[in-house]
Amino acid sequence: MRNRSTNLCFSLLWIFISLEPCFAQGDLDKMRQLIFEKTNALRVEKGLSKLKLLDSLMDLAQLHSENMVKYSFYAHVDHLGRNPVERAEKLKVKAWVRRGNQFTGIAENIAQTPWFENVRGCGDTRTVESLAQCMVIGWKNSPPHYKNILGDFTYLGVGLFFDKKGMGFGTQNFR
């Protein structure tokens, strides 16, 4: 009897440990919102206006994050060979904005941040707050990504999805 209860205990512990990334997946909306807010906080620090959330860009970014997991790639060009502008056009999302005599297309940041206890430069990222913070700080510390965050954009969409190993794939789309 004692052996059976010990086995049950270990089985339950194994299930809990193996499902940990799934728990992260359950808080996607909260993490996406925190990434959005933390991105705007960086803009406000520099005296820039906050970006507005746009549902169509949220959908575009989320689809890209999910596709990076589903099709096992990590790039701005997706598994079908489409860049962010081409993906937007395919989904009938306005991809271009005219500013004066120039047109600007959708800009994109992507990131991989693990749901893990010891991430270099971030520490423990196993909370919605710490994972969102780590992802945004990573973009801030990368000049091309930070340039997008501080760019002449009005709208932002945020996507996030986790693979089975707990790696978070983040996407930001700016327009």
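Scroll up a little and you will see the structure.
Let us look at the structure shown here. (Residues numbered from 1 in each chain as written. Predicted model: local features only at pLDDT ≥ 70, side-chain atom pairs only at ≥ 80, totals over all residues. Heavy atoms only, no water.)

**Considerations on the overall build of the protein**
And then number 1: Each helix and strand in the protein was counted, giving 6 helices and 6 strands.
And then number 2: Traced from its N-terminal end to its C-terminal end, the protein shows the element sequence α-α-β-α-α-β-β-β-α-α-β-β.
And then number 3: Taking all 175 residues of the protein together, 43% fall into the buried category.
And then number 4: Sequence separation of 24 or more characterises 65% of the internal contacts of the protein that already satisfy a separation of 6 or more.
And then number 5: Of the accessible surface of the protein, which amounts to about 10300 Å², a share of 55% is contributed by carbon and sulfur atoms. (Helix = DSSP H or I, 4+ residues; strand = E, 2+ residues; numbered from the N terminus. Buried < 20%, exposed > 50% of the residue type's maximum accessible area, 1.4 Å probe, protein only. Contact = heavy atoms within 4.5 Å. Areas by Shrake-Rupley, 256 points an atom, 1.4 Å probe, with all protein chains shown as cover.)

**Here's the deal with the state of the cysteines**
And then number 1: Counted according to the given criterion, the structure contains 1 disulfide.
And then number 2: At a sulfur-sulfur separation of 2.0 Å, the disulfide partner of Cys122 is Cys134. Handedness of the Cys122-Cys134 disulfide follows from its S-S torsion of about 80°: it is right-handed. Of this pair, Cys122 sits in the loop between strand 4 (107-114) and helix 5 (128-140) while Cys134 sits in helix 5, and the two are 12 residues apart along the sequence.
And then number 3: Since its relative accessible area comes to 9%, Cys134 is described here as buried. (Disulfide = S-S within 2.5 Å.)

**Some details on the nonpolar core**
And then number 1: Of all hydrophobic cores here, the largest spans 25 residues; its most connected members are Met31, Ile35, Trp139, Leu160, Phe162 and Phe174.
And then number 2: Within the residue set of this core, elements represented by two or more residues are helix 2 (28-45), strand 4, helix 5, helix 6 (143-149) and strand 5 (155-162).
And then number 3: Within the second largest apolar cluster, 8 residues are counted, among which are Leu54, Leu60, Val85 and Val93. (Core = buried A, V, L, I, M, F, W, Y, C linked by side-chain atoms within 4.5 Å.)

**Re the sheet that holds strand 1 (residues 52-53)**
And then number 1: Taking strand neighbours across the sheet as the criterion, the 4 strands line up as 1-5-6-4 in an open arrangement whose pairing is mixed. The outermost strands of the open sheet, each flanked by one partner alone, are strand 1 and strand 4.
And then number 2: Contacts between helix 3 (residues 55-70) and the sheet are confined to strand 1, strand 4, strand 5 and strand 6 (167-174), with strand 5 contributing the most and set at about 25° to the helix.
And then number 3: Against the sheet, helix 5 contacts strand 4, strand 5 and strand 6, and its axis sits at roughly 130° relative to strand 4. (Pairing = 2+ DSSP bridges. Axes fitted to C-alpha atoms, helices over the stretch in contact; angles between N-to-C directions.)

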